[in-house]
Amino acid sequence: MEKVKTQAQKRQKMSGAHLLLDCLHKQGVEIIFGYPGGSVLPLYDALYDETTIPNILTRHEQGAVHAAEGYAKATGKPGVVIVTSGPGATNAVTGIADAMSDSVPLVVITGQVTTPGIGKDAFQEADVLGITLPITKNNYQVRDIEELPKIVHEAFHIATTGRKGPVVIDLPKDMTVLEAYAECDNVVHLESYQPNTIPSKIQIDRLMKQLSKAHKPVILVGGGVAAAGGSEELRELIKRYEVPVVSTLLGLGVFPDNHELFLGMGGMHGTYGANMAMMEADFLLSIGCRFDDRLACNPDAFAKDAVIAHIDIDPVEIGKIIPTDIPIVADAKIALQQMLEKQVEKPECSEWLKLCQERKENYPFQYKDSDEVIKPQKVIEIVADITEGNSYVVTDVGQHQMWAAQFYPFSFPNQLITSGGLGTMGYGIPAGIGAKFGEKDRSVVVFVGDGGFQMTNQELAILNIYNLDIKFVLMNNHSLGMVRQWQERFFNERRSQSVLDVQPDFMKLAEAYGIKGVKITDPASLDQQLREAFAAKGPMLIEVVVDNREHVLPMIPAGQPNDKMLGVD
């Protein structure tokens, strides 16, 4: 017993706050997004002397989590957030739910009242474990400082393996003050958490045989391919077997937009060619896609004649929405590697490829240009030309999000950073800031609507502090555009609370935050003014007043099959 005690005392005794920072160092954390408060004061006091892991002081806890999401999506590394107890934690809930929906790896450290006060309605107490249980992969509350290193390691391991996602560590204030001889290690203690990454060889054989004999094959790719780093393997597979490819919103960029076999994005606002290919396929291979209702708008009518093969890291997703004939639980990259190792005959589908190509050429995304009003699609096209299609594109949520997905030519994984599953307005500005912190040498463009802009624009305060060269393109149609579009199409044009007649002067707001701004209203000068704005160094708010009656088309009405598209001429 004495020998064990001596070994323990050889370790450095430290407070829980310093122990946590030591663990973050050993996890390779580069940056924290956070906001201090009473219950995390000891932790922020320890951060005062921290020189290698900066804390980015966002102006709202929701902004902190979205910034961490943007960082995680751009870099592939877990985002780290620190917020205080009570409202600090509850303000972070929207971002946590967003990350859960889009499988974004985060570790969110929430302050908590001291352990004697838990359950007694202490000042700024909230049941963080109960609140976040449905929107995290796992959550913890530290009750023993000796357990803190183990919890931190487990949290990062869970967040970054299997189907990635957010993990919450609820940290009572006294746990940051108490001292211990504990130390951080990198030993996995989770016997019950063993996500399967290796596919069944029998199922891979079945899949490849089915692919070989298909006459109307389609490969559907989602964000899971990007998360697994499987883009190169996918491209090699397509090159070998010459099968048309459809992407989900979060899968854009996994396969290059300019490839002749790419049919575009599928789903509610996808291309005619992509949606018809999925509906008429005799073999549909889905990789890293969960068949959500924006993709498979009517599951009962979706790909009725197809043999469905579904590769996903999360077994819960397979068969949940679309019945699956060949289920494969695996990491997308490893599954694709095994598919490449299995040589089969190329499918005979020349007539199918010809039909898909004709539909792609005959029914592209399109819009009617105007000399009187600025068309939002044209803004996206010009920005794509200015940036040569190489920027990280961050969007908020709404019409501009769909136009960016339709008209920007995505060419690399995670190039589009957006809120897909939860559809969170206010996501764009902080996520763009987080992406820029993660990829300082890459161009970052944020497309945001006037509705979402007014939810989190306070995060613009960060730009000058860190000299972040981000171009924010504010598409101002004086309305909640997507809400208004649905009202105009399905609610007899009754625009109930969706028109924003009274707005702030966004140029003065930019000035208040010390950043440059330009307002564009004339279609004739749109191209020149955008190019001048993008040529300027430093952060800039570019407000473009766009047509307020423009709709995102094509569009599949809710609950209709994918071949029932509005706006296809």
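Scoring rules and cut-offs
- Residues numbered from 1 in each chain as written.
- Predicted model: local features only at pLDDT ≥ 70, side-chain atom pairs only at ≥ 80, totals over all residues.
- Heavy atoms only, no water.
- Helix = DSSP H or I, 4+ residues; strand = E, 2+ residues; numbered from the N terminus.
- Rg over C-alpha atoms; globule rule 2.2 N^0.38 Å.
- Buried < 20%, exposed > 50% of the residue type's maximum accessible area, 1.4 Å probe, protein only.
- Contact = heavy atoms within 4.5 Å.
- Areas by Shrake-Rupley, 256 points an atom, 1.4 Å probe, with all protein chains shown as cover.
- Domains from an automatic or database assignment.
- Polar contact = N/O pair within 3.5 Å; in protein donor to acceptor, adjacent residues only side chain to side chain.
- Phe/Tyr/Trp six-rings, centres within 6.5 Å; stacked < 30°, edge-to-face > 60°.
- Pairing = 2+ DSSP bridges.
- Axes fitted to C-alpha atoms, helices over the stretch in contact; angles between N-to-C directions.
- UniProt positions renumbered as here; feature names shortened; annotations may be inferred.
- Disulfide = S-S within 2.5 Å.
- Core = buried A, V, L, I, M, F, W, Y, C linked by side-chain atoms within 4.5 Å.
- Left-handed = near helix turned anticlockwise from the far one by under 90°.
- Nonpolar A, V, L, I, M, F, W, Y, C, P; charged D, E, K, R; others polar.
- Patch = residues over 30% accessible without salt bridge, like charges linked within 9 Å, V, L, I, M, F, W, Y side chains within 5 Å.
- Salt bridge = Lys/Arg side-chain N within 4 Å of Asp/Glu carboxyl O.
- Lys, Arg positive; Asp, Glu negative; His and termini not counted.
- Charge placed at Lys NZ, Arg CZ, Asp CG, Glu CD.
- Parallel < 35°, antiparallel > 145°, perpendicular 65-115°, else oblique.
- pLDDT = per-residue confidence, 0-100.

(A) The arrangement of the overall build of the protein chain in detail. Looking only at helices and strands, one finds 23 helices and 20 strands in the protein chain. Since a compact globule built from 569 residues should have a radius of gyration of about 25 Å, the 25 Å found for the protein chain is in line with a globular shape. Here the protein chain holds 569 residues, and 57% of them are scored as buried. A separation of at least 24 residues holds for 75% of the contacts in the protein chain among residues at least 6 apart in sequence. Accessible surface, the protein chain as shown: approximately 23400 Å² in total, 49% of it carbon and sulfur.

(B) Examining the domain arrangement of the protein chain more closely. Looking at the protein chain, the domain boundaries give domain 1 (13-181), domain 2 (201-363) and domain 3 (376-545). Domain 2 and domain 3 are separated by 31 Å when their C-alpha centres are compared. Each partner contributes to the interface: domain 2 provides 15 residues, whereas domain 3 provides 17 residues. Linking domain 2 with domain 3 are four residue pairs in polar contact (both at pLDDT 80 or more).

(C) Structural view of the packing of aromatic side chains. Counted under the stated rule, the structure contains 12 aromatic pairs. Considering the side-chain rings of Tyr 408 and Phe 410, the 5.3 Å spacing of their centres and the 45 degrees angle between planes classify their relative orientation as tilted. Of the two residues examined, Tyr 408 and Phe 410, each falls in the buried class. Grouping aromatic residues by their ring pairs yields a cluster made of Phe 33, Tyr 71, Phe 437 and Tyr 466.

(D) Quick look at the sheet that holds strand β4 (residues 79-83). Ordered by their spatial adjacency, six strands build an open sheet running β3-β2-β4-β5-β7-β6, and the pairing between neighbours is parallel. Pairing within the sheet leaves two strands with one partner each, and these edge strands are β3 (55-57) and β6 (138-141). Taking the axes of each pair of neighbouring strands and ignoring which way they run, one obtains an average angle of 20 degrees across the sheet. As paired strands, β4 and strand β5 (residues 106-112) are joined by five bridges and run parallel to one another. Its bridge partner lying in β5, Val 80 is registered against Val 107. Packed onto the sheet, helix α4 (residues 61-75) meets β2 (32-34), β4 and β5 and runs at close to 170 degrees relative to β4.

(E) Structural detail: the UniProt feature "domain: Thiamine pyrophosphate enzyme central" (unreviewed entry) in the protein chain. UniProt records the feature "domain: Thiamine pyrophosphate enzyme central" (unreviewed entry) for residues 204-339 in the present numbering. What you have in residues 204-339 is 32% helix and 20% strand, and the ends, taken at the C-alpha atoms, are 7 Å apart.

(F) Examining the state of the cysteines more closely. Applying the stated criterion to the full structure yields one disulfide. Note on Cys 297: no disulfide assigned, nearest cysteine sulfur contributed by Cys 289 at a separation of 12 Å. Cysteine Cys 349 shares no disulfide, and the gap to the nearest cysteine sulfur, in Cys 356, comes to 8.5 Å.

(G) Representation of the sheet that holds strand β16 (residues 416-417) in the model. One open sheet accounts for six strands, arranged β16-β15-β17-β18-β20-β19; its pairing is parallel. In this open sheet, the two edge strands, each paired with only one partner strand, are β16 and β19 (516-520). Relative to strand β18 (residues 470-476), strand β17 (residues 444-449) is paired through six bridges, and the arrangement is parallel. By the bridge assignment for β18, Gly 449 is matched with Met 475. Across the face of the sheet, helix α23 (residues 526-535) comes into contact with β17, β18, β19 and β20 (540-545) while running at roughly 170 degrees to β19.

(H) Just the UniProt feature "domain: Thiamine pyrophosphate enzyme N-terminal TPP-binding" (unreviewed entry) in the protein chain, in detail. In this numbering, the UniProt entry assigns the feature "domain: Thiamine pyrophosphate enzyme N-terminal TPP-binding" (unreviewed entry) to residues 14-129. In the segment residues 14-129, helix accounts for 42% and strand for 17%; the C-alpha atoms at its two ends are 26 Å apart.

(I) Seen up close, the nonpolar core. Residues Leu 207, Val 379 and Ile 542 are the most contacted members of the largest nonpolar core, which totals 68 residues. Of the residues that make up this core, three or more belong to each of domain 2 (201-363) and domain 3 (376-545). Grouped together as the second largest cluster of nonpolar side chains are 49 residues, Val 168, Ile 433, Leu 474 and Leu 541 included.

(J) Region of the structure containing the packing of helix α2 (residues 16-26) against helix α8 (residues 148-160). Taken N-terminus to C-terminus, the directions of α2 and α8 make an angle of 35 degrees; their axes are 10 Å apart at the nearest point. The way α2 lies across α8 gives a crossing that is right-handed. Contact residues: Gly 16, Leu 19, Leu 20, Cys 23 and Leu 24 in α2; Leu 148, Pro 149, Val 152 and Phe 156 in α8. Across the contact of α2 with α8, the residue classes break down as eight nonpolar, one polar and no charged.

(K) How the structure looks around a negative patch on the surface. A contiguous patch of negative charge, built from Glu 348, Glu 351, Glu 358 and Glu 361, is present on the exposed surface. Here Glu 348 shows up in the loop between α14 (332-341) and α15 (350-362). A relative accessible area of 52% means that Glu 348 is categorised as exposed.

(L) How the structure looks around the packing of helix α12 (residues 231-241) against α14. It is the contact of α12 with α14, at a shortest axis distance of 9 Å, that shows an interaxial angle of 30 degrees. One way to sum up the angle between α12 and α14 is to call them roughly parallel. The handedness of the crossing between α12 and α14 comes out as left-handed. Touching Glu 233, Leu 234, Glu 236, Leu 237 and Arg 240 of α12 are Lys 333, Leu 336, Gln 337, Met 339 and Leu 340, all from α14. Of the residues contributing to the contact of α12 with α14, the split by class is five nonpolar, one polar and four charged.

(M) Geometry of the confidence of the model for the protein chain. When pLDDT is averaged along the protein chain, the result is 95, and 98% of the positions lie at 70 or above. The low-confidence segment residues 1-9 (pLDDT under 50) makes two contacts with residues lying over four places distant or belonging to another chain.

(N) Representation of unusual backbone geometry. Following Leu 553, the chain continues into Pro 554 via a peptide bond in cis, with omega recorded as 0 degrees. Counting through the fold element by element, Pro 554 comes out in the segment after β20. Of note, Phe 291 is a non-glycine position whose phi angle comes to about 55 degrees, a positive value. With respect to the helices, strands and loops of the structure, Phe 291 is situated in the loop between β12 (283-287) and β13 (307-312). One non-glycine residue with positive phi stands out, namely Asn 414, at about 65 degrees.

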